[in-house]
Amino acid sequence: ADCRYTCHQECRSLIQLDCRRPGPCQSQLSPENTLLLPPRSQNVAQTVEEEKPEPPTVQEIKQKIEKYNAKVTNCLLMKLNEDGTYTGFIKVHLKLRRPVTVPAGIRPQSIYDALKEVNLAEMTDKRTSFYLPLDAIKQLHISSTTTVSEVIQGLLKKFMVVDNPQKFALFKEMRKDGQVLFQKLPLTEYPLYLRLLAGPDTDVLSFVLKENETGEVEWDAFTIPELQNFLMILEKEEKDKIQQVHRKYERFKQRLQQTLKEARGKPG
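Presented here is a report on the structure given in the accompanying data block. (Residues numbered from 1 in each chain as written. Predicted model: local features only at pLDDT ≥ 70, side-chain atom pairs only at ≥ 80, totals over all residues. Heavy atoms only, no water.)

### Some words on the packing of aromatic side chains
Part 1: Going through the model one piece at a time under the given rule, you end up with 0 aromatic pairs.
Part 2: Sitting above the plane of the Phe-159 ring, Lys-138 keeps its charged end 5.9 Å from the centroid.
Part 3: Cation over ring: Lys-210 sits above Phe-182, and NZ or CZ is 4.5 Å from the ring centre. (Phe/Tyr/Trp six-rings, centres within 6.5 Å; stacked < 30°, edge-to-face > 60°. Lys NZ or Arg CZ within 6 Å of the ring centre and 35° of its normal.)

This is the structure in structure tokens:
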């Protein structure tokens, strides 16, 4: 009533104000008059901890895995371990619009390199940028303890991408009522558990790796060679676009001239 502070009715119990100036609100606390509480020592709101669901028991996980495996048609089954963890497969669609940075002149990773965990990206300082095939799919064998952050790092390592993992984000794609919905997953989420809950049908749930769009591009996160490669790519795209426009209007000009030629000598 005095300071004109307002809030939602359901938020009233969370508000704490240090009312140093006496006013009507200190004696009239009905919702009709004010949404303020009596004076408190701090001008902060209390935090309310959300009740987190209890983690599933081993027996519940076992039942979910059995139900999941009964629907699998491609032999990509989930397996329950003795310690209560489980392993399985997820497929990740790569939908990257911007080029990625990879080592220059490095041969593809061999089975020997994979077994010995050889990091080919560390064998050279030369870098180059290129576009990954749009909507490429990568299958990963992960554990129930594998986080989104680890999935992103694993994908980048398999493609020998040396960009900062913070430039990328993992999304879950869902289809509902004919619409495609995307939701960015937190880095601490467990993708295999989401896969288990949704079942093996990728039309119900699928995972997508995209650029981590956080608003404005943080150019400071890129190196000078990366920025130079971006300029080269933009210049090429600009030239291609100019050529497309020229060809479009050249065809239009030819059709117009042909129409005028055919119309000559005709009445009206």
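Picking up after the structure, the text goes on.
### Comments concerning helix α1 (residues 58–71)
Part 1: The end-to-end C-alpha distance of α1, which contains 14 residues, comes to 20 Å, matching closely the 20 Å that a straight helix rising 1.5 Å per residue would cover.
Part 2: Among the residues of α1, Ile-61, Ile-65 and Tyr-68 are the ones counted as buried. Mapping the buried residues of α1 onto a view down its axis gives an arc of 65 degrees, with all of them on the same face. Facing away from the buried side of α1 by over 90 degrees, the exposed positions are Lys-67 and Ala-70.
Part 3: Against β1 (79–80), β2 (86–94) and α4 (191–198) lie the buried residues of α1. (Helix = DSSP H or I, 4+ residues; strand = E, 2+ residues; numbered from the N terminus. Expected span 1.5 Å × (residues − 1). Buried < 20%, exposed > 50% of the residue type's maximum accessible area, 1.4 Å probe, protein only. Arc of directions from axis to C-beta. Contact = heavy atoms within 4.5 Å.)

### A word on the environment of Val-58
Part 1: Note that Val-58 resides in helix α1.
Part 2: As a C-alpha pair, Val-58 and Thr-85 span 27 residues in sequence and 8.4 Å in three-dimensional space.
Part 3: In contact with Val-58, other than residues within four places in its own chain, are Leu-80 and Gly-84.

### A few points about the nonpolar core
Part 1: With 30 residues, the main nonpolar core has Ile-90, Val-92, Val-151, Phe-168, Leu-170, Phe-207 and Leu-209 as its most contacted residues.
Part 2: Those elements that place two or more of their residues in this core are α1, β2, β3 (100–103), β5 (136–143), α3 (148–158), β6 (168–176), α4 and β8 (205–211).
Part 3: With 5 residues, the single largest contributor to this core is α3.
Part 4: Setting aside chain neighbours within four positions, we find Leu-170 in contact with Val-92, Val-148, Val-151, Ile-152, Gln-183, Lys-184, Leu-185, Pro-191, Phe-207, Val-208 and Leu-209. (Core = buried A, V, L, I, M, F, W, Y, C linked by side-chain atoms within 4.5 Å.)

Keep in mind that these numbers describe shape and distance, not what the molecule does.
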